[in-house]
Amino acid sequence: MAEAADFQGTSASPVRRWLRRTGGLFAGVPLLAGLLQLPAAGPAQAASSDAVSVSVDSLSPSAPTDGDTLTVSGTVTNNGKQAVTGAHVGLRVGRMLNTRSAIDGVAQRSDDLQSTTGTEVGGKYEEKFAKLAPGVAEHFSISVPVDKLDLGDDGVYEFGVALSGQTAAQPWEQVLGVQQTFLPWQPSEADTKTKTTFLWPLISTVHMTARTGAGELQTPVFLNDDLAKELAPGGRLAQMLELGKDLDVTWVIDPDLLASVDAMAGNYRVRGEGNTTTAGTHQAVAKQWLAGLQKAVAGKEVVALPFADPDLASLAHNGTSVTGSLSHLKDATDVAATTVQTVLHVTPTTDFAWPVEGAVDRSIMKVATSAGADRVIARSDSLQETAGLSYTPSAARPVGGGTTAVVADARLSTAFAGDLTKADRATLAVQEFLAQSLEVNAQTDEQRSIVVAPQRMPSASQAQAMATALKALQDGTWSQSQTLTAAAKAKPDPDATTRIPSTSAYPSSLRKQELPRTAFEQIARTQEKLDNFKVILSDQSRVVTPFGRAINREMSTSWRGHGTQADSFRGDVENWLDELADQVKLIDKSETKLSGRSATIPVTVQNNLVQPVNHLVLRLTSTNPTRLKIGGKAYDEQRVEVSGGHSQSVKFTTSANANGPVSVYAQLYTEDGQEYGDQVQFDVKVTEVTPTVMLVIGGGVLLLVLAGFRMYTQRKRAAARQAEDDGPDATGEDTGEKPGNPGAPGDRLPEESDASSGADDPEQPSDPAPDTAPESADPSGTGERVDR
């Protein structure tokens, strides 16, 4: 690899080569002296189980120059069971490290007693401890003028802090603990400075769901309130902003983060248990962070990643075989610039793609450039040098097809990837970063452009270490800042590799974290449902925008290592879309009775959405058009428009040719012929009324009328005769009737008997009254009759 640069002397000046070799020779003298004292060193090594741990918590300045005073502070802890007496902490300046791999070697064994080298700075520049009790940590701080360190030629020196002392079991002075680090030494301006680009990423995990509140405002719903914790003072994103605003960096921003913070600055809700939500309360924090970011990026280069930072490797390896997957990357790229301009009021650069950890292969490069980006940020441990270069080449590599691979330096980019919550680890990371940077500059007299692409989401402690190192680098004498765009346009090294690795070379550890093919299949299914739903909406943006961005979030790089959460998020997006689409549906109907040769059948469409729906067609189909026709044929269609929160009954004209049941089904379609929602099926029972039946019914009615008339006349005659018998000359004998018995059986009229017998005949149904509630959304009742 070019980063090793183990033979950088081939390009350096002869004077520099001679000085380095001479310095290395003299640096070896203390080591030789140490080897001659093996009997004393042996017990120290044997007593490693009783060693004292040394932590270097602070080294300031990180890159000293002439006239500076170096202050080193930290702690020493006795890890053994015996007290250490006569102890003191001293500083040791070791050999000058002439290669990047030599720096790697020291870093890998930084606390190994056997690797202790260099001579201790004598005199008063030490701190003594009469006794170190077991398990007790003691603080130390030593300040020494740089000129007392006897540093020679410019370069990187091994620098150690060691504790010497003795124990009761081994009563002689020995080195019991050591911490090795690095001291970059470049007191004067370098003849040629490295142009360094440092990416400052503002990226977070997915926070917003596809769900929004009802009503015109569409209040956004967040998965949780974790984003507020990141934005609050002391939070990760708050630290990234506070530290980055004073640094000369290229801001790399995920537009989804901006959209989420912008949404949080207004009314928002947070999802709780089940389908419950609670009102968000961190608007002030979001507003403050956005205002600070707007000031920080003013006049700086801003690179906008595609919306939600899609996982390019997962898409390349598992998504391209699923139709439509690449279109989501194009959508995410198109919306990126608009989002950044709207929120930050700056115009970003959108022609950079950044695969996970800069790992690339041919398929990733193809996908990364498919949405318009012509510059791909790779990393040197992926795009490895094959020509045996003795120096680290510039970042820009033209790889064909108008595409440039911008290769970030792997050592510098991963310097802050570890756990830096402890001060000693952070200090070591800073010193190693500066050492590697200075060694890169010393490799050759040719100026080069180096890019540093750290981890996507640095923790607060990692961000602090990054800022410390970058501040020292920018104040140093061997590097100058440069934007990412300038690094991509820099003249490429003709000897640097441009060969893109094959797909089989992609790291298996990264491949295991990718989104599976099933994820992209679910995304495609959700998109198909969205396409079918949006065509009926009068205001498509209310649905297309939140769901489009949610689909982008389903492809986010932040899901790596969180497969279960990713599955849950995709399922929630699809389920919510199904719930919304189901708000427009047909009301179920029970059996319908059709009396007569023709009638109308109402079918009700319900719209529980806030907005009106249109571009819908309702089709009513008869399964037996010989018996029952709809609109004179097997089926009929009518356009449907329903206002928000309303229902609409659509009436179809039918004609019956024979009695009996017929199955009918209703189905909604979009105007382009796609089925929408579930069909509703019901039976229509045809009961046709013939002329013969009408004649029988008419005859029965006539008989009832005649019987009533005869009864009326008979009763009138009887009343007249009774009046005559009750006259003054009446005797009663002429009638032959007995007074008080007017209802004798012999007086019963035959018509009365006929009328009463007619009451036992089956009743014939009459036409039902017209439907008076066409807007009713209630299901039809059993035995429903329809309009004739």
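So, here's what we can say about the structure. This is a predicted model, so every value here is computed, not measured. For every chain, the first residue of the written sequence is number 1, and numbering continues from 1 along that sequence. With pLDDT at 70 or above as the cut-off, local features in this predicted model cover only qualifying residues; side-chain atom pairs require 80 or more to be listed or tallied, and sums for whole chains, interfaces and linings still use all residues. The basis for every side-chain value is the complete set of heavy atoms in the structure, and neither hydrogens nor water enter the calculation.

We count a stretch as a helix when DSSP gives it H or I for four or more residues in a row; a strand needs E for two or more, and each element gets its number in order from the N terminus. Summing up its helical and strand segments, the protein chain has 20 helices and 31 strands in all. Burial here depends on accessible area, computed with a 1.4 Å probe over protein chains only, as a share of the maximum for the residue type. Under 20% is buried, over 50% is exposed, and the range in between is partly exposed. Within the protein chain, buried positions represent 48% of all 788 residues. For the protein chain, long-range pairs separated by at least 24 residues make up 78% of all intrachain contacts whose partners lie at least 6 apart in sequence. Each accessible area is a Shrake-Rupley estimate made with a 1.4 Å probe; only the visible protein chains count as cover when residues are assessed. Accessible surface computed for the protein chain: about 36300 Å², of which carbon and sulfur atoms make up 51%. Every residue pair with non-hydrogen atoms within 4.5 Å of one another is taken to be in contact.

Note: most peptide bonds trans; most residues except glycine with negative phi. The step from Ser60 to Pro61 runs through a cis peptide bond, and the omega angle for that step is -5°. Note that Pro61 resides in the loop between strand S1 (52–60) and strand S2 (69–78). One non-glycine residue, His345, lies in the positive phi region at around 65°. The exposure class of His345 is exposed, given its relative accessible area of 60%.

Once that is clear, we can look at the layout of surface pockets. Buriedness for pockets is judged along seven lines, at least five of which must meet protein on both sides within 12 Å for an open set on the 1 Å grid over protein atoms alone, while cavities are sets there where a 1.4 Å probe fits but cannot get out, and lining residues have an atom within 4 Å of a point. Grid points are joined across faces, edges and corners, and a volume is the space filled by probe spheres set on the points. The volume enclosed by the largest pocket comes to roughly 940 Å³. In terms of lining, the largest pocket is formed by 39 residues, of which the most central are Met457, Thr557, Ser558, Arg560 and His562. Every element with two or more residues in the lining of the largest pocket is listed here: helix H4 (226–231), strand S17 (375–379) and helix H18 (563–581). Residues are grouped as follows: nonpolar covers Ala, Val, Leu, Ile, Met, Phe, Trp, Tyr, Cys and Pro; charged covers Asp, Glu, Lys and Arg; every other residue, Gly included, is treated as polar. Here the residues of the lining of the largest pocket sort into 13 nonpolar, 16 polar and ten charged.

Moving on, we come to the sheet that holds strand S18 (residues 396–400). A pair of strands is treated as paired once DSSP finds two or more bridges between them. In spatial order, the strands read S16-S17-S19-S18; together these four strands make up an open sheet with mixed pairing. Looking at strand neighbours, the two that pair on one side only are strand S16 (352–353) and S18, the edges of this open sheet. Alignment of S17 against strand S19 (residues 403–408), held across five bridges, turns out to be parallel. In the sheet register, Ala378 faces S19, and the bridge partner there is Val407.

A few words on the environment of Thr404. Within the secondary structure layout, Thr404 lies in strand S19. Accessibility expressed as a relative area gives 17% for Thr404, which makes it buried. In this structure the C-alpha to C-alpha distance between Thr404 and Pro492, which are 88 residues apart in sequence, comes to 9.8 Å. Once residues within four sequence positions are removed from consideration, Thr404 is found in contact with Asp374, Arg375, Val376, Ala396, Arg397, Pro398 and Ala488.

We now examine the packing of helix H5 (residues 236–244) against helix H13 (residues 460–475). Describing two packed helices takes the angle between their axes plus the distance from one axis to the other. To get an axis, a line is fitted to the C-alpha atoms, and for a helix only the part in contact is used. The angle between two axes follows their N-to-C directions and goes from 0 to 180 degrees. Where H5 contacts H13, the two axes come as close as 9 Å, and the packing angle between them is 10°. On the basis of their axis angle, the class for H5 and H13 is roughly parallel. Between H5 and H13, the contacting residues are Arg236, Gln239, Met240 and Leu243 on the first element and Ala460, Ala463, Gln464 and Ala467 on the second. In the contact of H5 with H13, the residues fall into five nonpolar, two polar and one charged. Geometric relationships in this document are graded by angle, where less than 35 degrees denotes roughly parallel, more than 145 denotes roughly antiparallel, 65 to 115 denotes roughly perpendicular, and other angles denote oblique.

A few words on the pattern of salt bridges. Opposite charge on two side chains allows them to pair when their charged atoms are near. Salt bridges are defined by distance alone: a side-chain nitrogen of Lys or Arg within 4 Å of a carboxyl oxygen of Asp or Glu. Tallied over the entire structure, the rule returns 32 salt bridges. The salt bridge involving Glu242 is made with Lys245; its shortest N-O contact spans 3.1 Å. In this structure Lys245 comes out as partly exposed when scored by relative accessible area, which is 37%. By sharing partners, the salt bridges in this structure join Arg211, Arg271, Asp572 and Glu579 into a single network.

Another point: the environment of Leu257. Inspection of the secondary structure puts Leu257 in helix H6 (residues 255–264). Exposure remark for Leu257: the relative accessible area of 3% places this residue in the buried category. Measuring from C-alpha to C-alpha, the distance between Leu257 and Ile203 comes to 6.5 Å, with 54 residues separating the pair along the chain. If near-sequence neighbours (up to four positions away) are discounted, Leu257 is found in contact with Leu202, Ile203, Ser204, Leu227, Leu237 and Trp289.

Time to look at a nonpolar patch on the surface. What goes into a patch is any residue over 30% in relative accessible area without a salt bridge, connected to like charges within 9 Å or, for nonpolar side chains (Val, Leu, Ile, Met, Phe, Trp, Tyr), within 5 Å. Judged by side-chain polarity, Leu702, Leu703 and Leu706 come together as a nonpolar surface patch covering roughly 310 Å² of accessible area. Locating Leu702 in the fold gives a position in helix H19 (residues 691–725).

Before going further, it helps to spend a moment on the nonpolar core. As used in this record, nonpolar core signifies buried Ala, Val, Leu, Ile, Met, Phe, Trp, Tyr and Cys residues forming a set joined through side-chain atoms within 4.5 Å. If you look at the biggest cluster of nonpolar residues, it comprises 75 residues, and the most contacted ones within it are Phe533, Phe547 and Leu618. It is H18 that contributes the most residues to this core, six residues altogether. Beyond its immediate chain neighbours, meaning those up to four positions away, Phe547 contacts Ala210, Leu530, Val573, Trp576, Leu577 and Leu580. Ala228, Val340, Phe433 and Ala465 belong to the second largest nonpolar core, which has 67 residues in total.

Relative to the elements of secondary structure, Asn552 occurs in helix H17 (residues 541–554). The class for Asn552 is buried, based on a relative accessible area of 2%.

What follows deals with the pairing of S19. Among the six residues of S19, six are classified as buried, and the element is accordingly described as predominantly covered. Here S19 shows a buried face lined by Thr403, Ala405 and Val407 and a second buried face lined by Thr404, Val406 and Ala408. Relative to S19, S18 is paired through four bridges, and the arrangement is antiparallel. Each bridged residue has a counterpart across the sheet, and for Arg397 the counterpart in S19 is Ala405. Between S18 and S19, which pair antiparallel in sequence order, lie two residues; one of them, Gly401, sits at a positive phi of approximately 70°.

The next point concerns empty space enclosed by the protein. Scanning the model with the defined rule gives five cavities of 30 Å³ or more in all. Its boundaries defined by the atoms lining it, the largest cavity holds a volume of some 80 Å³. Lining the largest cavity are 14 residues, and of these Pro306, Thr333, Thr350, Phe352 and Ala373 lie nearest its centre. Those elements that provide at least two residues to the lining of the largest cavity are helix H9 (325–344) and S16. When grouped by side-chain class, the residues that make up the lining of the largest cavity number eleven nonpolar, three polar and no charged.

The span you would expect from a helix comes to 1.5 Å times its residue count less one. Spanning 16 residues, H13 covers 22 Å between terminal C-alpha atoms, matching the ideal 22 Å at 1.5 Å per step. Among the residues of H13, Ser461, Gln462, Ala463, Ala465, Met466, Ala467, Ala469, Leu470, Ala472 and Leu473 are the ones counted as buried. Buried-residue contacts for H13 involve strand S9 (194–202), H5, helix H12 (423–442) and strand S21 (479–481).

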